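# Report on the structure
What follows is each chain in one-letter form.
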Amino acid sequence: MGQRTSGVTTSEQVPPAGTTAAPAPWRAGWLGSALGGIVAVVLTLGVAELISTLGRWMGLLGASSSPFVALGQTFIQFTPEWLKELAIRTFGEHDKDALTGGMALTLLIVAIGIGLLNRRSPRLALGVTALLVLVAGAAVVSRPGADVLDLLPLVVGAIAGVTFLILLARRSLVRDPDSAPLADPSSTPSSTPGTGRRGFFRLVGIGAVIGVAAGSLARLVPSAAEVADSRRRISLPTPTDDQNIDVDALTLDVAGLTPFVTASSDFYRVDTAFTVPNLTTDEWSLRIHGAVDREITISFDDLLAMPAVQRMITLTCVSNEVGGKLAGNARWLGVRLADVLAMAGPQDGADCLLSTSVDGFTVTTPLAAVTDGRDALLAYAMNGEPLLVEHGFPVRMVVPGLYGYVSATKWVVDLEVTRFADVTAYWTERGWAPQAPIKTASRIDVPAGFAQLTAGSVAVAGMAWAQHRGLRAVQVQIDDGPWQDATLSGEAGIDTWRQWSYPWTATEPGIHTIRCRAIDADGTVQTDAVQGVMPDGSTGLDSRQVTVKA
Ligand SMILES: Nc1nc2c(c(=O)[nH]1)N[C@H]1C(S)=C(S)[C@@H](COP(=O)(O)O)O[C@H]1N2
Ligand SMILES: [Mo]
């Protein structure tokens, strides 16, 4: 055996006896080996953490699929009560940090141990590693609610770590009496590129970078589990100002008609988010700046502490075709946008509110629409529950009377008071109109197109809206007959849609066309001029062709 010096400074060593002809093989020192072990563990846990985060984010894995979390929880579970109490007494609120620190220290010692073993006997190092992976795996699957799939992050992480250890051992080739050679002894390892001292430390560097990058990436993306937890923990304030709408009293009873209130899970969804932003209430804050007297930033708790307002408001997408389904009605609970803006003090000359979501989507809204007294809200709840993540959790904008792309910013984190002359927004940059009030619309829900009907009484029914103007009437026309008034459901307010129904006595067999149109509260009749959705919303009348059987 050649003389071993310790430390990373070791470079060339005396060749082991019996290999005199070959160039001197290099062998890592104690420090280098320990470092290798640490990097192997960092790599294993970093990769596992990233996969666990991605898996939870996609809803495929549970919280315990993170080996670190599973180990910590298992540790807590097996800690005797007296030790737990001691920890809480000693560290107080920081008892979890103390646990994390303790675990990190334990892992560090284990990592150094594996690194040193890998120097002397790679086989033994792999054996010990396998044992540790088994322990971690047992911790993962024994967590309540865990299943076998939750092992995936650990398994992939362990494969990365073990591969790393094997490669590392090959970089410090030495014929060791305790372990079989890992490479062909007749080769000249230290002269092969990628072996020897340089190769060893390059590999350690690469492993460290991958491990740390994977771990940080996992930290950057708060997992869906965390957001779900944040959502569960919210206790919603009781509205100080509520419309107290009796939904049943407003609802028409016609089979197949769209419900007056849209269930949150059925609400149409339109956004540019490939994956929904995951933002916890702790991470959320709203900055209000631009042409204001004082720039402010408010937290989620600040928002909850403000007077809470609950309003029924119907949202509509500009991309809704005539007769389309891109509209939904919900109870929104939140704070008046005007109240929040007033805290910052918008200055004269501004006419635009530029809002930005956490994923960079932008919206320009007329400042007047937010301050003219209508129920423009910063909403944090929908139908009595915190917003669903897809619908903007934790906070979104809702402005009655404007299409979503100019008003309804989800995951909103920034409000800038500005001028339309100075800014553009995501969709207005792509040719859609900067000013886009919702157009008066009506649609037929029943009967379905091309329905085969039995002669007699036929229920024709549907939805109509003219947000922030209100509806006066909905009318129905059969073929080229006169326009007849339909029955309107009760009115929750001028910002919500209404159901309508018309009892048609279908006597003549054959094909018939049913049309509908709405008249807004100003008396303006919905236009029959056909226009596509671009640039500011579709127009035209909805119609259905049906057959009355003989
Ligand atoms: N952050 C963000 N907010 C957004 C959008 C978006 O793409 N990103 N789309 C807007 C559009 S076009 C509409 S119609 C509404 C739809 O809201 P909903 O998905 O809750 O129904 O959200 C608006 N808010
Ligand atoms: Mo939209």
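Overview of the structure. (Residues numbered from 1 in each chain as written. Chains lettered and ligands numbered in written order. Predicted model: local features only at pLDDT ≥ 70, side-chain atom pairs only at ≥ 80, totals over all residues. Heavy atoms only, no water.)

### Some points on the sheet that holds strand S13 (residues 452–454)
Judged by pairing direction, the sheet is mixed, and its five strands sit side by side in the order S13-S20-S19-S15-S16 without closing on themselves. Among the strands making up the open sheet, the edge pair consists of S13 and strand S16 (484–485). With two bridges connecting them, strand S15 (residues 471–478) and S16 associate as antiparallel partners. Within the sheet, the bridge partner assigned to Gln475 lies in S16 and is Asp485. (Pairing = 2+ DSSP bridges. Helix = DSSP H or I, 4+ residues; strand = E, 2+ residues; numbered from the N terminus.)

### Regarding the site of ligand 1
Taken together, 18 residues surround ligand 1, and among them Tyr268, Thr272, His391, Arg396 and Lys410 come closest. For ligand 1, an oxygen atom lies 2.8 Å from a polar atom in the backbone of Thr272. Measuring from an oxygen atom of ligand 1, one finds a side-chain N or O atom of Lys410 at 2.5 Å. Across the complex, the protein chains shield 99% of the 530 Å² of accessible surface that ligand 1 would expose by itself. In terms of residue class, the shell around ligand 1 is built from eight nonpolar, five polar and five charged. (Near = heavy atom within 4 Å. Polar contact = N/O pair within 3.5 Å; in protein donor to acceptor, adjacent residues only side chain to side chain. Areas by Shrake-Rupley, 256 points an atom, 1.4 Å probe, with all protein chains shown as cover. Nonpolar A, V, L, I, M, F, W, Y, C, P; charged D, E, K, R; others polar.)

### Re the environment of Gly127
Checked against the element boundaries, Gly127 lands in helix H5 (residues 122–141). Taking relative accessible area as the criterion, Gly127 reaches 38% and is therefore assigned partly exposed. (Buried < 20%, exposed > 50% of the residue type's maximum accessible area, 1.4 Å probe, protein only.)

### Things to note about the nonpolar core
Core analysis: the biggest nonpolar cluster contains 80 residues, and Trp332 and Tyr380 have the highest contact counts within it. Considering each element in turn, this core owes the most residues, six residues, to strand S8 (residues 377–382). Residue contributions to this core reach at least three from each of two domains, namely domain 2 (241–252 + 259–430) and domain 3 (441–549). By size, the runner-up hydrophobic cluster in this structure holds 21 residues, among which are Leu471, Ile478, Trp504 and Cys516. (Core = buried A, V, L, I, M, F, W, Y, C linked by side-chain atoms within 4.5 Å. Domains from an automatic or database assignment.)

### Here's the deal with the pairing of strand S3 (residues 296–299)
Burial of the side chains of S3 is restricted to one face: Ile296 and Ile298 are buried, whereas none of Thr297 and Ser299 on the reverse face is. Two elements, strand S2 (residues 285–290) and S3, share four bridges in a ladder whose sense is antiparallel. The residue bridging Ile288 from the neighbouring strand is Ile296, located in S3. If you look at the hairpin formed by S2 and S3, you'll find five residues sitting between the two strands.

### A closer look at the packing of aromatic side chains
For the structure shown, the criterion picks out ten aromatic pairs. Judged by centre distance (6.1 Å) and plane angle (90°), the rings of Trp284 and Phe300 are edge-to-face. With Trp284 in the loop between helix H9 (247–250) and S2 and Phe300 in helix H10 (residues 300–305), this pair connects stretches of sequence that are 16 residues apart. Both residues of the pair, Trp284 and Phe300, count as buried. (Phe/Tyr/Trp six-rings, centres within 6.5 Å; stacked < 30°, edge-to-face > 60°.)

### Some points on a nonpolar patch on the surface
Residues Leu54, Met58, Leu60, Leu149, Leu152 and Val156 make up a contiguous nonpolar surface patch of roughly 540 Å² in combined accessible area. With respect to the helices, strands and loops of the structure, Leu60 is situated in the loop between helix H1 (30–57) and helix H2 (67–78). Its relative accessible area of 53% is what places Leu60 among the exposed residues. (Patch = residues over 30% accessible without salt bridge, like charges linked within 9 Å, V, L, I, M, F, W, Y side chains within 5 Å. Salt bridge = Lys/Arg side-chain N within 4 Å of Asp/Glu carboxyl O.)

### Describing the layout of surface pockets
When its volume is computed, the second largest pocket comes out at roughly 900 Å³. Looking at the second largest pocket, it is lined by 37 residues, and the ones nearest its centre are Leu71, Phe75, Met103, Thr106 and Leu107. Secondary-structure elements contributing two or more residues to the lining of the second largest pocket are H1, H2, helix H3 (81–91), helix H4 (95–120), H5 and helix H6 (152–171). For the lining of the second largest pocket, the leading source of residues is H4, giving ten residues. Taken together, the residues of the lining of the second largest pocket break down into 26 nonpolar, eight polar and three charged. (1 Å grid on protein atoms, 1.4 Å probe; cavity = no way out; pocket = protein on both sides within 12 Å on 5 of 7 lines; lining within 4 Å. Points joined across faces, edges and corners; volume = space filled by probe spheres on them.)

### Some words on unusual backbone geometry
Omega for the peptide link from Phe393 to Pro394 comes to 5°, which places this bond in the cis form. With respect to the helices and strands, the residue Pro394 is situated in the loop between strand S9 (385–386) and strand S10 (396–398). In this structure, Asn244 takes a positive phi of about 45° despite not being glycine. Structurally, the position occupied by Asn244 is in the loop between strand S1 (241–242) and H9. With phi around 70°, His468 is a residue other than glycine that occupies positive phi space. If you trace the backbone, His468 turns up in the loop between strand S14 (456–465) and S15.

### What to know about the packing of H6 against helix H7 (residues 196–220)
Running from N to C, H6 and H7 cross one another at 160°; their axes reach a closest spacing of 8 Å. Considered as vectors, H6 and H7 are oriented roughly antiparallel to each other. Crossing handedness for the pair H6 and H7: left-handed. Taking contact as the criterion, the partners of Phe164, Leu167, Leu168 and Arg171 in H6 are, on H7, Gly196, Gly199, Phe200, Leu203, Val204 and Gly207. Counted by class, the contact of H6 with H7 contains six nonpolar, three polar and one charged residues. (Axes fitted to C-alpha atoms, helices over the stretch in contact; angles between N-to-C directions. Parallel < 35°, antiparallel > 145°, perpendicular 65-115°, else oblique. Left-handed = near helix turned anticlockwise from the far one by under 90°. Contact = heavy atoms within 4.5 Å.)

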